Amino acid sequence: DYYDKHRKELMETLGDKYKIAGLQNGERVSKEEYYNKMFNSKIIMAPLGYGEMAPRDVETAMFGSVLVKPDMSYIDSKPFIYEDDETYIAVNYDWSNLEEKIDYVLSNYKELRQKLVWNMRERYRAEYEYSKIALHLYDVFKSLEEVEV
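Here goes a summary of the coordinates provided. Just so it is clear, the model here is predicted, and its values are computed rather than measured.

**Here we look at the packing of aromatic side chains**
Consideration 1: Within this structure, the stated rule accounts for five aromatic pairs.
Consideration 2: Linked through ring pairs, Tyr34, Tyr35 and Phe63 together constitute an aromatic cluster.
Consideration 3: In this structure, Lys42 packs its charged tip against the face of Tyr109, placed 5.2 Å from the ring centre.

**Describing unusual backbone geometry**
Consideration 1: Looking along the chain, the bond that leaves Lys78 and enters Pro79 is cis, with omega of -5 degrees.
Consideration 2: Counting through the fold element by element, Pro79 comes out in the loop between β2 (66–70) and β3 (89–91).
Consideration 3: Although it is not a glycine, Asp85 adopts a positive phi angle of roughly 65 degrees.
Consideration 4: Among the structural elements, Asp85 can be located in the loop between β2 and β3.

**Things to note about a nonpolar patch on the surface**
Consideration 1: Taken together, the side chains of Leu137, Val140, Phe141, Leu144 and Val147 present a nonpolar region at the surface, about 390 Å² in accessible area.
Consideration 2: With respect to the element layout, Phe141 can be found in helix α6 (residues 130–142).
Consideration 3: Given the relative accessible area of 46%, Phe141 is considered partly exposed.

**Overview of the sheet that holds strand β1 (residues 43–45)**
Across a sheet, paired strands are connected by hydrogen bonds in the backbone, their directions being either parallel or antiparallel.
Consideration 1: Here we have three strands laid out as an open sheet, ordered β1-β2-β3, and parallel in their pairing. The open sheet has two free edges, formed respectively by β1 and β3, since each of these has just one partner strand. On average, each strand axis in the sheet is tilted by 25 degrees relative to the strand beside it, whichever way the strands run.
Consideration 2: Sheet contacts for helix α3 (residues 55–63): β1 and β2; angle to β2, the most-contacted strand, approximately 155 degrees.
Consideration 3: The strands touched by helix α5 (residues 109–127) are β2 and β3; relative to β2, the strand with the most contacts, the crossing angle is about 75 degrees.

Calculation criteria
- Chains are numbered independently. Their residues run from 1 in the order of the written sequence.
- Only residues with pLDDT of at least 70 get local features here, since the model is predicted, and only at 80 or more are side-chain atom pairs given and counted; chain-wide, interface and lining totals rely on the full set of residues.
- For the side-chain quantities, the full set of heavy atoms in the structure was used; hydrogens and water were omitted.
- Each aromatic pair joins two rings of Phe, Tyr and Trp (for Trp, the six-membered one) with centres within 6.5 Å, and gets the label stacked for planes under 30 degrees apart, edge-to-face for over 60, and tilted for any other angle.
- Whether a charge sits over a ring comes down to the Lys NZ or Arg CZ being within 6 Å of the ring centre and within 35 degrees of the ring normal.
- Strands here are runs of E lasting at least two residues and helices are runs of H or I lasting at least four, both read from the DSSP assignment and numbered beginning at the N terminus.
- Residues enter a patch when their relative accessible area is above 30% and they make no salt bridge; the linking distance is 9 Å between like charges and 5 Å between nonpolar side chains (Val, Leu, Ile, Met, Phe, Trp, Tyr).
- Calculation of accessible area relied on Shrake-Rupley with a 1.4 Å probe; when residues are assessed, cover is drawn exclusively from the protein chains displayed.
- Salt bridge, as used here, is a side-chain nitrogen of Lys or Arg placed within 4 Å of a carboxyl oxygen of Asp or Glu.
- Only protein chains enter the accessibility calculation, which uses a 1.4 Å probe; a residue whose area is less than 20% of its type maximum is buried, one above 50% is exposed, and one in between is partly exposed.
- Only strands joined by at least two bridges in the DSSP assignment are considered to pair.
- In this description, a line fitted to the C-alpha atoms serves as the axis of each element, helices being fitted only across the stretch in contact, and the angle between N-to-C directions of two axes falls anywhere from 0 to 180 degrees.
- The contact rule is simple, with two residues in contact once any of their heavy atoms fall within 4.5 Å.

The following block contains the structure:
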């Protein structure tokens, strides 16, 4: 139930104005169809589920779509790849500005797609580099009292 709440609110906010891909007759589509729909979508919505970050965020950049999801600016995490209007388009958690943001993306799609997809791919490559992850984990472990450096 927790996982679906934000998703259901998104679907209610979108209503019938936009062509959206969702469940078919209450059932999930195959993985192939899911990826095909993502590949053919201009915008991928990423409602929150069990957490703020999800594989769909990076899949969106892989498929060349614009990521739209609730504002991530309050997250303090490393690595962190989310920057509004640089790697994704942030919307209010309650979806109150969703229509405005969708219209913004569709009106500036070519430029936004090129910038956001490129930036997300580059940010992901840079921030998730093995040595950077290793150094981050080293810093985490060395800050623990039980660990000797």
